[in-house]
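Each chain, letter by letter, is given below.
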Amino acid sequence: MTNDFPQVLTIAGSDSDGSAGMQADLHTFFMHHTYGASVITACVAGNSFGIHDSVSMPVSFINQEFKDLADDFKILASKTGMLADAELIRTVVENYKKYDFGPLVVDPVIMTKHGAMLLKQAAYDTLKEELIPLATVLTPNFYEAQKLADMEINSDEDTKVAAKKLRDLGAKNVIIKGKHVAGETDVVKDYVLLESGEDFWIEGPYYHTEHKNGTGDSLSAAITSEIAKGTSIADAIRIADDYVDKAIKNEISVAHKFGPINHWAQ
């Protein structure tokens, strides 16, 4: 039996409306011709109007998910999403060190794209000190980059300094997603700093739409897929950025308020 498609893994929560979290990751894996497995860390009940309930998976269950996948699959690359507390983050770190699941893309879900804190201090500290050093690629948004680098970012030069500080935390490659404010932003600039020291900017238009749920998940999932296929880190990031750009630009009408991006746009 041949392996026609590289196998990849998302370590994330389940979002019942399908727009973000594990569901967005699996949509993205599928569109990049990789086979997606999952370690579910939590389940969220919600829709396009908001989140209304959530439950975390027991540590014993998460450990079993990791073991079962390791016993049967050849995971070539993995990514993390929302990890809600310190115990959960430490569980993921311990399992990732135990099993060979390939390069790790860390989407550090610390703050919203509007700057609101999502993690308590203990969880934030554990993510920063124990998970980020395992990252082959780290994909913070603007506010997460400021928080992790412990500095304000007010210029392109500040962004470069912040990226170097994130590298100093242990991440090999960093993409800092540019700041964007509805009604004020016309162009979004993402900055990439590679392990080799090479760096570059990716610029694109800002699309004024309420269908942007799952953009961060999808970017990191696309990078994960491309790494599993043997694409260079630089090209994986460029391909992923283009994928998300098209998915936002070609709006899809799903649900009533804050909807998903269009994974069929490719």
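Structure report, in brief.

### Considering the pairing of strand 8 (residues 187-193)
Part 1 of the argument: Of all 7 residues that make up strand 8, 5 are buried, and the element is covered over most of its length.
Part 2 of the argument: Here strand 7 (residues 173-176) pairs with strand 8 via 3 bridges, running antiparallel. The residue of strand 8 that forms the bridge with Val174 is Leu193.
Part 3 of the argument: Bridge analysis of strand 8 against strand 9 (residues 199-205) gives 7 bridges, and the strand direction is antiparallel. The residue of strand 9 that forms the bridge with Tyr191 is Trp201.
Part 4 of the argument: What sits between strand 8 and strand 9 in their antiparallel hairpin is a turn of 5 residues, with Gly197 showing a positive phi close to 100°.

### What about helix 6 (residues 156-168)?
Count 3.6 residues to each turn of an α-helix, and residues three or four apart come out pointing the same way.
Part 1 of the argument: For helix 6, spanning 13 residues, the distance from its first C-alpha to its last is 19 Å, which sits close to the expected 18 Å at 1.5 Å a residue.
Part 2 of the argument: Within helix 6, the full set of buried residues consists of Thr159, Ala162, Ala163 and Leu166. Considered in projection along helix 6, the buried side chains sweep an arc of 105° and stay on one side of the axis. In helix 6, the exposed positions angled more than 90 degrees off the buried face are occupied by Lys164 and Asp168.
Part 3 of the argument: Buried positions along helix 6 lie against strand 6 (137-138), helix 5 (142-149), strand 7, strand 8 and strand 9.
Part 4 of the argument: Phi turns positive, to about 120°, at Gly170, one or two residues after helix 6.

### Quick word on the sheet that holds strand 4 (residues 75-80)
Part 1 of the argument: Strands sit in the order 3-2-1-4-5-6-7-8-9 across an open sheet of 9 strands; the sheet is mixed. Sheet topology places strand 3 (50-56) and strand 9 at the edges, where each strand pairs with a single neighbour.
Part 2 of the argument: Strand direction decides the pairing type here: strand 1 (residues 7-15) and strand 4, joined by 5 bridges, are parallel. Counted as the bridge partner of Ile11 is Thr80 from strand 4.
Part 3 of the argument: Lying on the sheet, helix 8 (residues 233-249) is in contact with strand 6, strand 7, strand 8 and strand 9; it crosses strand 9 at an angle near 10°.

### What to know about the packing of aromatic side chains
Part 1 of the argument: If you walk through the whole model with that rule in mind, you get 5 aromatic pairs.
Part 2 of the argument: On the numbers, 6.2 Å between centres and 10° between planes, the contact of Tyr35 with Phe73 is stacked. Pair noted here: Tyr35 is in strand 2 (residues 35-47) and Phe73 is in the loop between helix 2 (59-72) and strand 4, with a separation of 38 residues, a long-range link.
Part 3 of the argument: The class of Tyr35 is partly exposed, set by a relative accessible area of 47%.
Part 4 of the argument: Relative to Tyr143, the ring of Phe142 lies with its centre 5.2 Å away and its plane at 85°, an arrangement referred to as edge-to-face. Both residues of the pair, Phe142 and Tyr143, count as buried.
Part 5 of the argument: Taking NZ or CZ as reference, Lys147 lies 4.9 Å from the ring centre of Tyr124, over its face.

What counts and how
Residues numbered from 1 in each chain as written. Predicted model: local features only at pLDDT ≥ 70, side-chain atom pairs only at ≥ 80, totals over all residues. Heavy atoms only, no water. Buried < 20%, exposed > 50% of the residue type's maximum accessible area, 1.4 Å probe, protein only. Helix = DSSP H or I, 4+ residues; strand = E, 2+ residues; numbered from the N terminus. Pairing = 2+ DSSP bridges. Expected span 1.5 Å × (residues − 1). Arc of directions from axis to C-beta. Contact = heavy atoms within 4.5 Å. Axes fitted to C-alpha atoms, helices over the stretch in contact; angles between N-to-C directions. Phe/Tyr/Trp six-rings, centres within 6.5 Å; stacked < 30°, edge-to-face > 60°. Lys NZ or Arg CZ within 6 Å of the ring centre and 35° of its normal.

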